[in-house]
Amino acid sequence: MISFSYPDERTLNLPAEARQRLDAIKARPTTISVRPIQFQNLATLGSQAQLRITLPGLRQFIATTTRIDRSEASKVFWSGVLDDQKSHLFFTVVNGDVTSVIHTERSVFTIEPLGGGHHVLIELDQSKFGPDDPPDVNSESQPSQNQDINNIGTKGAKDDGDVFPSIASVSVIDVLVAYTQGVANASGNISSLIAACEQSANETLTNSNVNAQIDVVHSAQVSYNETGNTLTDVTRLQGTTDGHMDNLHTLRTQYGADVVVLLITHGDFAGRAYGIQVNSSGAFCVVVDDAAVGNYTFIHEIAHLVGGLHDNDPSGTYQHGYRYAPAYWRTVMAIPLFANDPVNRIPYWSTPNITYGGVPMGTTCCNDNRRKWNERASTVAGFKPAGGQPVVTITGPASISPGTQGTWAADVIGGSGSITYQWSVRYEGGSTFQNLGTNQNQSLTFFEECTLNDLKVVVTRSGQNAQDFHAVYVTGQGGTFCKRGGEESGTDEFSPTSRNICPAPKLSQPLQPKHRDQIRHAAAG
């Protein structure tokens with residue numbers, strides 16, 4: 001059976017490069033402590049149903065596997081849950097090098113390779129990853145945190161069912177990961193880091209029963225001098241003829257990558273997406289390497305491209321992250337509220353339909369990233385479609401005043417030949433969609449104020465179908481916000497004393513770089 005030990009750092013004969021990596025890890029603002037860790041019988045990991053793990057300063061934990069993937073000879077993915085039946089961990093092993101994340105009730109640990117068979121266990125201070133947006137972001141949509149801490153249960157996550165139709169099959173989003181020379185130098189094993197990016201992303205999606213998975217179809221080192229400005233870096237990444245990383249667009253087409261991610265060593269923020277709810281031409285983001293896995297920034301940025309928003313973003317409708325401060329957890333799209341915020345990010349997406357420790361992980365009106373994933377995953381997974389399959393994206397206003405006519409367009413890429421369109425609408429409170437027009441553009445007037453409605457379009461091209469959904473929030477008179485009470489979450493979070501206001505959305509698929517994500521970040525080595 002695999003076992004763990006913590007040798008004295010002074011007894012280790014570290015190669016020079018490994019020593020430099022260790023010093024760089026110690027210097028990170030997010031590092032609370034770092035200790036060498038050694039594995040015995042690591043080769044047996046792929047056959048272990050349980051692991052016994054003792055963490056410094058904490059008790060021994062028993063982890064039970066939830067998934068083992070040995071589909072590639074050089075890789076093992078091991079995922080599990082601790083004996084509290086709530087906290088998660090995973091191990092990614094590539095050619096004997098381990099990258100891992102371990103969550104406990106109040107702490108987060110990562111394991112990184114130093115090279116030469118040496119590894120370290122790092123206790124993270126996630127608050128030092130900082131806010132996911134600069135301080136001027138309006139926090140109007142932040143949900144209430146007045147739930148009674150005495151009502152917190154001890155059971156793990158529980159799925160209570162869907163309130164929105166999910167995609168019938170799992171959509172696989174193909175990703176091209178590029179990285180700079182600095183990232184390669186800072187990593188003890190770049191292949192293990194990239195594999196852990198994929199596994200950590202899929203852990204979040206699996207935990208929340210999202211009908212999507214991430215597949216890294218190719219990785220490549222680029223010749224690029226990082227600027228330290230994530231806006232500059234992501235703009236150059238997306239550009240096709242600016243002389244910066246232009247070869248990545250050829251690789252994207254060659255490998256059919258729906259999304260392109262660039263790993264960098266430092267930036268003004270730990271990540272930046274090119275836009276929110278983009279189409280294929282905007283599916284680019286940059287991520288700082290040491291935040292990619294331990295802070296879930298890799299999948300956080302991809303989620304922005306899908307359409308997810310932070311918990312305190314004043315735009316949008318239901319697609320925000322969620323935090324529950326009494327139990328010290330927040331979902332992937334929720335951000336720290338202040339310096340040294342003790343509320344840790346956990347590998348889940350907001351949704352009112354899954355409980356964590358007995359607490360719903362979102363709200364119907366404002367905090368349901370899972371719904372956005374399930375609506376948009378098939379569209380994003382078709383950005384670089386195989387065999388010319390069509391992909392459709394609805395563009396148009398996400399909010400509208402009552403009695404005002406809006407117009408939405410169905411933009412189709414992929415496939416060939418003529419296109420047929422079928423629009424439909426589901427009004428808030430309805431259970432079915434009502435057919436509308438059959439043109440590329442659809443105009444509609446909503447009259448019921450303070451409601452959240454759903455547009456859908458189904459297109460057919462050369463016998464192949466594609467669909468997309470688009471939420472439309474109808475404001476109060478004059479574009480005012482509306483308090484929403486009596487939601488179906490079954491908690492007290494919509495009581496008269498709670499502060500739950502569905503934000504008035506202002507989002508309509510920007511393709512210019514506008515998202516500034518994460519922290520002012522120090523170089524990782």
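Owing to the predicted nature of the structure, the values given are computational and were not obtained by experimental measurement.

What about the overall build of the chain?
Part 1 of the reasoning: The helix and strand inventory of the chain stands at 8 helices and 30 strands.
Part 2 of the reasoning: Across the 525 residues of the chain, 60% fall into the buried class.
Part 3 of the reasoning: Total accessible area on the chain is roughly 19,600 Å²; 47% of this is exposed by carbon and sulfur atoms.

Some details on the nonpolar core
Part 1 of the reasoning: Ranked by size, the top nonpolar core spans 76 residues in total, and within it Leu-263, Phe-298, Ile-302 and Trp-373 carry the most contacts.
Part 2 of the reasoning: No other element matches helix H3 (residues 190–207), which puts 7 residues into this core.
Part 3 of the reasoning: Leave out the neighbours within four places in its chain, and Phe-298 touches Val-175, Val-177, Cys-197, Ala-201, Ile-214, Val-261, Val-287 and Ala-292.
Part 4 of the reasoning: By size, the runner-up hydrophobic cluster in this structure holds 22 residues, among which are Phe-4, Ile-37, Phe-109 and Leu-121.

Structural notes on the side chain of Asp-97
Part 1 of the reasoning: Structurally, the position occupied by Asp-97 is in strand S7 (residues 97–103).
Part 2 of the reasoning: Buried Asp-97, no salt bridge; nearest opposite-charge side chain is Arg-21, N-O distance 8.6 Å.
Part 3 of the reasoning: In this structure, Asp-97 is in contact with Thr-92, Pro-113, His-119, Gly-188, Asn-189 and Ser-192, ignoring residues within four places of it in sequence.

Looking at the pattern of salt bridges
Part 1 of the reasoning: Summed over all chains, the structure comprises 17 salt bridges.
Part 2 of the reasoning: Residue Arg-21 pairs with Glu-17 through a salt bridge whose shortest N-O separation is 3.7 Å. One end of the pair is Arg-21 and the other is Glu-17, both in helix H1 (residues 16–27) and 4 residues apart, which spans about a single turn.
Part 3 of the reasoning: A residue is classified by how much of its surface remains accessible, and Glu-17, at 52% relative accessible area, is exposed.
Part 4 of the reasoning: Counted as one network, the salt bridges with shared partners bring together Arg-371, Lys-372, Glu-375, Arg-426 and Asp-454.

A short note on the state of the cysteines
Cysteine pairs can be linked by a disulfide, which is a covalent bond between their two sulfur atoms.
Part 1 of the reasoning: What the rule picks out here adds up to 1 disulfide.
Part 2 of the reasoning: Covalent S-S linkage joins Cys-365 and Cys-366, the inter-sulfur distance amounting to 2.4 Å. One quick way to see it: the torsion about the S-S bond of Cys-365 and Cys-366 is about -85 degrees, and its sign makes the bridge left-handed.
Part 3 of the reasoning: For Cys-365, a relative accessible area of 2% translates into the label buried.

Criteria and cut-off values
- Residues numbered from 1 in each chain as written.
- Predicted model: local features only at pLDDT ≥ 70, side-chain atom pairs only at ≥ 80, totals over all residues.
- Heavy atoms only, no water.
- Helix = DSSP H or I, 4+ residues; strand = E, 2+ residues; numbered from the N terminus.
- Buried < 20%, exposed > 50% of the residue type's maximum accessible area, 1.4 Å probe, protein only.
- Areas by Shrake-Rupley, 256 points an atom, 1.4 Å probe, with all protein chains shown as cover.
- Core = buried A, V, L, I, M, F, W, Y, C linked by side-chain atoms within 4.5 Å.
- Contact = heavy atoms within 4.5 Å.
- Lys, Arg positive; Asp, Glu negative; His and termini not counted.
- Salt bridge = Lys/Arg side-chain N within 4 Å of Asp/Glu carboxyl O.
- Disulfide = S-S within 2.5 Å.

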